[in-house]
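Now for the letters of each chain:
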Amino acid sequence: MSPAAPPQVQSLTCPNCGASLTVRSMGRAITIVCGHCHSILDAKDPQLRILQRFDAATAAEPPAIPLGSRGKWRGADYEVIGFQVRSMEADGIPYSWREYLLFNPYKGFRYFTEYNGHWNDCSVATALPEAQGISVKYLGKTYKHFQTYTATTTFVLGEFPWRVTVDDAVAVTDYVAPPYLLSSEMSGSETTWTLGEYINGADIWNAFGLPGAAPTPLGVYENQPSRMRASASQIWFVFAGLATAVFVIFTLSQLFSGREEVFREAYSFSPSSTEASFVTPEFELKGRTSSVEVQTDADVTNRWIYLNYALIDEDTGQAYDFGREVSYYTGVDSDGGWQEGSQRDRVVLPSIPPGHYYLRIEPESDASLGIIGYNVTVTRDVPVLGLYLAAIAALLLPALLVSWRVYNFEQMRWAESDHPLVSTGGGE
Amino acid sequence: MSQPAALCPNCGAPILFHWSSSVQTTCPHCKSILIRKDVNLEKVGVVSDLPPDSSPIQIGTSGTYENRAFTVGGRIIYDYDDGSWNEWHIMLNPGGSAWLSDAQSQYAVTFSAQAAPLPALASIHIGDRFTWNKTGFVVTVITEARYRGVEGELPFQYWDKQGATFVDLRSTGGDFATLDYSDSEPVLYTGKMVDFDALRLKNLRAFEGWS
C-alpha cells in the first residue's frame, strides 16, 4: 500500500447553527445532515447550501446503532454513516422502518433495515431482474411479488451518497424469496434494485458491540425464513423412512406369522333355549406370547346374534372378555339393492401368553329370529394391522404439526402483503 | 516493460510510458497534459486541481479480471449532479486495454465494442432494449456528465472536453454496457459488473483508520 492519505474525517461547520459536522464517507457524501439543528446540507456545495430544515421532534428516536459505530460485517469493517426513517401507509395505518447506511472505503455502501425487530442486510443488485408475470427472476431465482407502496422519508441523520430530503417519496415494490428480498425503488424514470437478506438482530449486536440484546422480532416479516420449513421437509423425510420401515415390518410379519389355527367348532343357538352360556373344549396356545384372532361366521341374513366371549386361561383363571355382534342385512329399495354388515366377524386380542385356554360363550339374539348356526375359529399369531396403523398415525402426528405451523407462518407472512392467502376472515 | 523516458516539455521531469499504445499522459510533476507525437511529447493543456478523491483505486493498482492480470495506467474523472466517478484505464496482460469504472464503489469492467448501428442519443429512453453481440441490454440510467479531469496514460487523446452524456445499460446476467456520447459518434463499451473482492486488487490507496 502507498503511504496513508491525510486523515479523512473532515471537520466542517453547519452553515445554519455553527455546530461542527463530522464527515465520514471521504468525499462521497452528497447529503449531510447536521446532527444538532437537523439542517439538510448539500455536500457537493463548498458552502454547504442548506437544502431543507425539518422538525426532528416528529421522529426523534435515536438510531439503535449510533452513527460512527464500526463493526466487522461479512469479512470487512463497516462504519455507520447515515440513518433514515421511512414510512408507508397501508389501510390508513402508517408503518415506519429504519435504515442504517454502512460504509467501507473499499467495498462501498450497504445498509441495514429494521422493522419491528426484523433486520435485512441490503446492497445494490448487480444484474437486472426480469419480470415474469407478477414475479421477477433475478440471477436464476424467482421472487414473488409481495407489496407495492410509497415510501416517504420522515427523518434523516448523518450523510448519504445520494440526495435525500424529508418527505422524499418513492414507489417501492417488494418481491420475496425468503431469506432474500428484492426491492425496486422508482423515482422519476429511474429504477434502483436492491437485494436484501434477512439477518438476526443478535448478529448486528455482536458485530457492532451494541449494549444489551437485540429486541425480539414481532410477527413474521415478509422475507423471514421459516425455520420450521426446513424441519418440515426433514420431518416428512424421516416420516417417509419410518413409515416404509413399518410397512416392511408389517409385510414381513404377514409373511412369517404363524397363522396357526388352534380351535374350530360349529354351534347353533336357539333363542328359546334356556342355556345361557357354555364353554368350549380346551385348546393350547403354544410358543411365545402372540396375538389371537377369534373369528365368528354366523348364518345371519337379516338377523343378528350377539356373542359374549371370554378367553380363559385354564391354569391362571385369567379371562379376556369381549363381546361381538354379527349381523347382516340385505334388501332392495328405490336406490336398488343394499346390504349392511357381514356374516363374518373377526377380532384380534393383541398379546396372549402361551398356555391352555378355553372359551366361554354366551350368545344372545331375538327369540323371533329362530335358530342361528355359527362357527367359531381361534387362530394364534396373526398380524395385527391396527397396531401398525397406530404406529403410522403416531409418526404422522409431529409431521402434520410442523406442516401446520409452516402453513400458519406463511399465512402470517402473506397477511401483510398485497396477496393475503385465503383465510377464514372475509376472503377476497 | 516501461518505454524509454522522455522529458516533460513543460518542466523537464522524466515521463515514463508503461503501455506502448498510450497516446496521452499527464506529467506527475507539473500536471501538464502531454500528447505523444512520434518520439516527442507535446503539451496540450494542464489538469486543474482534481476534486478530493474517494476511490480506493490509484494509478499503479493491479488486479485480475477473468483470469487476466491488469494494471491501472490512467483515468478520466467525471462529475454529475449526484456525485462523481472514475473511469480507470486498465492495461491487460498479455495486451489490450479496458476500463474499470468505480461509481460509488460499484465496479464494472468494460471493453470497447463494435456494434452497428448505435442509437442516436435523442431517441433513447430508460427501459429501451438493445441486443449487442447476442447480449440483451436494458437502458437503466442516462447521465449528463461533465468532464472533470484526466490523470496518467490513456489510449486516445482526451482533454479539453465539456459535457458528455452516458447511457448505462444492464442485462439480466450481470452484463454492463455504456454508450458514450462525448463525441459526435457514439462509442459502445460492454463488459460486466464486478465484485470488489473478485478483482483481487493490490497496491490500493490507503485510508487512515481503514485496512
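Residues numbered from 1 in each chain as written. Chains lettered and ligands numbered in written order. Predicted model: local features only at pLDDT ≥ 70, side-chain atom pairs only at ≥ 80, totals over all residues.

Considering the overall build of chain A
And then number 1: When helices and strands are counted, chain A shows 3 helices and 26 strands.
And then number 2: Scaling as 2.2 N^0.38, a compact globule of 428 residues should have a C-alpha radius of gyration of about 22 Å, whereas chain A reaches 39 Å, well beyond that.
And then number 3: Overall, chain A is about 120 × 55 × 40 Å in size when its C-alpha atoms are taken along their principal axes.
And then number 4: Summarising the internal contacts of chain A: among those between residues at least 6 apart in sequence, 63% fall at separations of at least 24. (Helix = DSSP H or I, 4+ residues; strand = E, 2+ residues; numbered from the N terminus. Rg over C-alpha atoms; globule rule 2.2 N^0.38 Å. Contact = placed C-beta atoms within 7 Å.)

Digging into the overall build of chain B
And then number 1: Secondary structure summary: chain B contains 0 helices and 15 strands in total.
And then number 2: Dimensions along the principal axes, computed over C-alpha positions, put chain B at roughly 50 × 40 × 35 Å.
And then number 3: Considering chain B as a whole, with its 211 residues, one finds that 36% of them fall into the buried category.
And then number 4: The long-range share in chain B, meaning contacts at least 24 apart out of those at least 6 apart in sequence, stands at 49%. (Buried ≥ 20, exposed ≤ 12 C-beta atoms within 10 Å, placed from the backbone.)

So, helix α3 (residues 385-415) of chain A
All names here are of chain A.
And then number 1: Spanning 31 residues, α3 covers 43 Å between terminal C-alpha atoms, matching the ideal 45 Å at 1.5 Å per step.
And then number 2: Those residues of α3 lying buried are A399, R413 and W414.
And then number 3: On its buried side, α3 packs onto α2 (227-256). (Expected span 1.5 Å × (residues − 1).)

Re the sheet that holds strand β26 (residues 372-380) of chain A
Strands belonging to one sheet form pairs held by backbone hydrogen bonds; the direction of such a pair is parallel or antiparallel.
Residue and element names in this part refer to chain A.
And then number 1: Strand order in the open sheet formed by 4 strands is β17-β26-β20-β24, with antiparallel pairing between adjacent strands. Edge positions in the sheet fall to β17 (260-269) and β24 (344-352), since each has one partner strand and no second. Averaged over all adjacent pairs, the angle separating strand axes in this sheet is 15°, with direction ignored.
And then number 2: As defined by bridge partners, strand β20 (residues 290-298) adjoins β24 across 7 bridges and the pair is classed as antiparallel. Paired with E293 across the bridge in β24 is V348. (Pairing = 2+ DSSP bridges. Axes fitted to C-alpha atoms, helices over the stretch in contact; angles between N-to-C directions.)

Re the environment of A:S342
And then number 1: Its place among the elements puts A:S342 in strand β23 (residues 336-342).
And then number 2: The spacing of A:S342 and A:S184 is 158 residues in sequence and 68 Å in space, taken between C-alpha atoms.

Digging into the sheet that holds strand β4 (residues 32-37) of chain B
Residues and elements named next belong to chain B.
And then number 1: Read from one edge of the open sheet, 3 strands run β3-β4-β5, paired in antiparallel fashion. If you trace the sheet from one side to the other, it starts and ends with β3 (24-26) and β5 (40-46), each paired once. Ignoring strand direction, the axes of neighbouring strands in this sheet form an average angle of 30°.
And then number 2: Note that β3 and β4 share 3 bridges and pair antiparallel. When the bridges of β4 are listed, T25 appears paired with L34.

Some points on the domain arrangement of chain A
It is common to give the size of an interface as the accessible area lost on bringing the parts into contact.
And then number 1: Structurally, chain A comprises domain 1 (10-225) and domain 2 (258-382).
And then number 2: Its C-alpha centre places domain 1 of chain A at a distance of 78 Å from the equivalent point of domain 2 of chain A. (Domains from an automatic or database assignment.)

Notes on the environment of B:G74
All names here are of chain B.
And then number 1: Looking at where G74 falls in the secondary structure, it is placed in strand β7 (residues 68-80).
And then number 2: Counting along the chain gives 44 residues from G74 to C30, while the straight-line C-alpha distance between them is 16 Å.
And then number 3: Residue contacts for G74: discarding those within four places in its chain leaves T25, I59, H89, V150, E151, G152, E153 and L154.

Points about the interface of chain B and chain A
And then number 1: Taken residue by residue, the interface counts 28 residues in chain B and 27 residues in chain A.
And then number 2: If you tally residues by element for the side of chain B that touches chain A, the top one is strand β12 (residues 135-152) of chain B, at 3 residues.
And then number 3: Residue composition of the side of chain B that touches chain A, grouped by class: 11 nonpolar, 12 polar and 5 charged. (Nonpolar A, V, L, I, M, F, W, Y, C, P; charged D, E, K, R; others polar.)

Quick look at unusual backbone geometry
And then number 1: A cis amide bond, omega 5°, links A:P178 with the succeeding residue A:P179.
And then number 2: Within the secondary structure layout, A:P179 lies in the loop between β14 (169-177) and β15 (180-187).
And then number 3: Omega for the peptide link from B:N93 to B:P94 comes to 10°, which places this bond in the cis form.
And then number 4: Positive phi, close to 50°, is recorded for A:R74, a residue that is not glycine.

As for the confidence of the model for chain A
And then number 1: Overall, the prediction assigns chain A a mean pLDDT of 88, with 95% of residues at 70 or greater.
And then number 2: Taken as a whole, residues 1-8 of chain A scores under 50 in pLDDT and shows 17 contacts with residues more than four places along the chain or in a different chain. (pLDDT = per-residue confidence, 0-100.)

A word on the packing of α2(A) against α3(A)
Geometry of a packed helix pair, given as the angle between the helix axes and the separation of the axes.
All names here are of chain A.
And then number 1: Interhelical geometry of α2 versus α3 gives an angle of 165° and a closest axis separation of 9 Å. Comparing the axis directions of α2 and α3 gives the class roughly antiparallel. Here α2 runs over α3; the crossing is left-handed. Here M228, R229, S231, A232, I235, W236, F239, L242, A243, V246 and F250 of α2 come into contact with α3, specifically with Y388, A391, I392, L395, L396, P398, A399, V402, S403, R405, V406 and F409. (Parallel < 35°, antiparallel > 145°, perpendicular 65-115°, else oblique. Left-handed = near helix turned anticlockwise from the far one by under 90°.)

Quick notes on the nonpolar core
Soluble globular proteins: nonpolar side chains tend toward being buried together.
And then number 1: Ranked by size, the top nonpolar core spans 45 residues in total, and within it A:Y100, A:L101, A:L102, A:Y111, A:V156 and A:L182 carry the most contacts.
And then number 2: Considering each element in turn, this core owes the most residues, 6 residues, to strand β13 (residues 141-160) of chain A.
And then number 3: For A:L101, the contacting residues outside a window of four places in its chain are A:I81, A:G82, A:F109, A:Y111, A:G158 and A:F160.
And then number 4: In this structure, B:I15, B:L41, B:L179 and B:Y181 belong to the second largest nonpolar core, which totals 41 residues. (Core = buried A, V, L, I, M, F, W, Y, C linked by C-beta atoms within 7 Å.)

A word on the pairing of strand β13 (residues 163-170) of chain B
All names here are of chain B.
And then number 1: Where β12 lies against β13, 8 bridges are found, and the strand directions are antiparallel. Considered in β13, the bridge of I142 is made with V167.
And then number 2: Where β13 lies against strand β14 (residues 175-180), 5 bridges are found, and the strand directions are antiparallel. Looking across to β14, one finds that V167 is bridged to L179.
And then number 3: Between the end of β13 and the start of β14, which pair antiparallel, lie 4 residues, with G174 showing a positive phi angle near 90°.

Focus: the pairing of strand β15 (residues 187-194) of chain B
It is a general feature of regular strands that their side chains alternate between the two faces of the sheet.
All names here are of chain B.
And then number 1: Buried residues dominate β15, accounting for 7 of its 8 residues.
And then number 2: Bridge count between strand β10 (residues 106-113) and β15: 7 bridges; the pairing is antiparallel. Within the sheet, the bridge partner assigned to V109 lies in β15 and is K192.
And then number 3: Pairing analysis gives 6 bridges linking β14 to β15, with the strands arranged antiparallel.

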